[in-house]
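What follows is the residue order along each chain.
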Amino acid sequence: MIKQPKYFAQRSFGYMDLFPQGGVGAECGVARGENAIDLLHMTKPKKFHLVDPWDHEKPLGPYGDPNNLFRGDHQLFHEYGQGYENLIRKVFRDEIKSKQIEVHRTEAKPWLDSLPENHLDWIYIDTSHFFEETFETLESSIRVLKKGGVLGMHDFNPAFYQWDVLTPTLHFIHTGNLQCVGMAPPADAATIFLVKKK
């Protein structure tokens, strides 16, 4: 029987309710680390991988970095993008030292492809938001996610027509790989929560 997906006023409530506690997880697309802080505290992972190229020269289309679209501050990513990794290493200094957190400066797909199948308990994806990269990242994520593992997709929102997170996500729901189990509103990153079915 299909259950109605849960609705969460904030995506962090979804982390508490849906993500396995004490597991092995990854955030692909970390930027400044605000969401990584929530994931760390809400899921208390045994191992947490932070994956981001922090590439301030990567072409992100005419709108620039998605984080800056509504502020019109397209220089922010260029000026501070180079320092994001250093910021992450300061914020999570203790967790990195204890090896609870590992930082990987790379694109999501090659990192995911380096992992064995059924390795991760959960993944949160917030990469470029463009169709091809989102599709490939999802495809690789499904391979390394355990059956019953949880996947969070950032900006699952039809209003963001200049990117395409929806089509790849709906493709893998349609193929039966993923099932929607929860949603968070556009005001809080428009996150869709999915469970790996097969």
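Provided above is the structure to which this section pertains.
Because the structure is a prediction, the values reported are computed rather than measured.

Below, the discussion takes up the sheet that holds strand β8 (residues 192–196). On the basis of which strands lie adjacent, the open sheet formed by 8 strands has the order β1-β7-β8-β6-β5-β2-β3-β4 and mixed pairing. The open sheet is flanked by β1 (6–7) and β4 (101–104), the only strands paired with a single partner. Across 4 bridges, the pairing between strand β6 (residues 145–153) and β8 is antiparallel. Along β8, the bridge assignment pairs Gly152 with Phe193. Relative to β8, helix α8 (residues 166–174) is tilted by about 35°, and along the sheet it contacts β6, β7 (178–183) and β8.

Moving on to the packing of aromatic side chains. The full count for this structure, using the stated rule, is 9 aromatic pairs. Measuring from centroid to centroid gives 5.9 Å for Tyr15 and Tyr124, while their planes differ by 85°, and the two rings are edge-to-face. Remark: Tyr124 occurs in strand β5 (residues 120–125) and Tyr15 occurs in helix α1 (residues 11–18); sequence separation between them is 109 residues. In terms of burial, Tyr15 and Tyr124 fall into one category: buried. Taking 5.9 Å as the distance between ring centres and 90° as the angle between the ring planes, the aromatic pair formed by Phe19 and Phe193 counts as edge-to-face. Taken together, the residues span a long stretch of sequence, with Phe19 in the loop between α1 and β2 (24–28) and Phe193 in strand β8 at a distance of 174 residues.

The rules we used
- Residues numbered from 1 in each chain as written.
- Predicted model: local features only at pLDDT ≥ 70, side-chain atom pairs only at ≥ 80, totals over all residues.
- Heavy atoms only, no water.
- Pairing = 2+ DSSP bridges.
- Helix = DSSP H or I, 4+ residues; strand = E, 2+ residues; numbered from the N terminus.
- Contact = heavy atoms within 4.5 Å.
- Axes fitted to C-alpha atoms, helices over the stretch in contact; angles between N-to-C directions.
- Phe/Tyr/Trp six-rings, centres within 6.5 Å; stacked < 30°, edge-to-face > 60°.
- Buried < 20%, exposed > 50% of the residue type's maximum accessible area, 1.4 Å probe, protein only.

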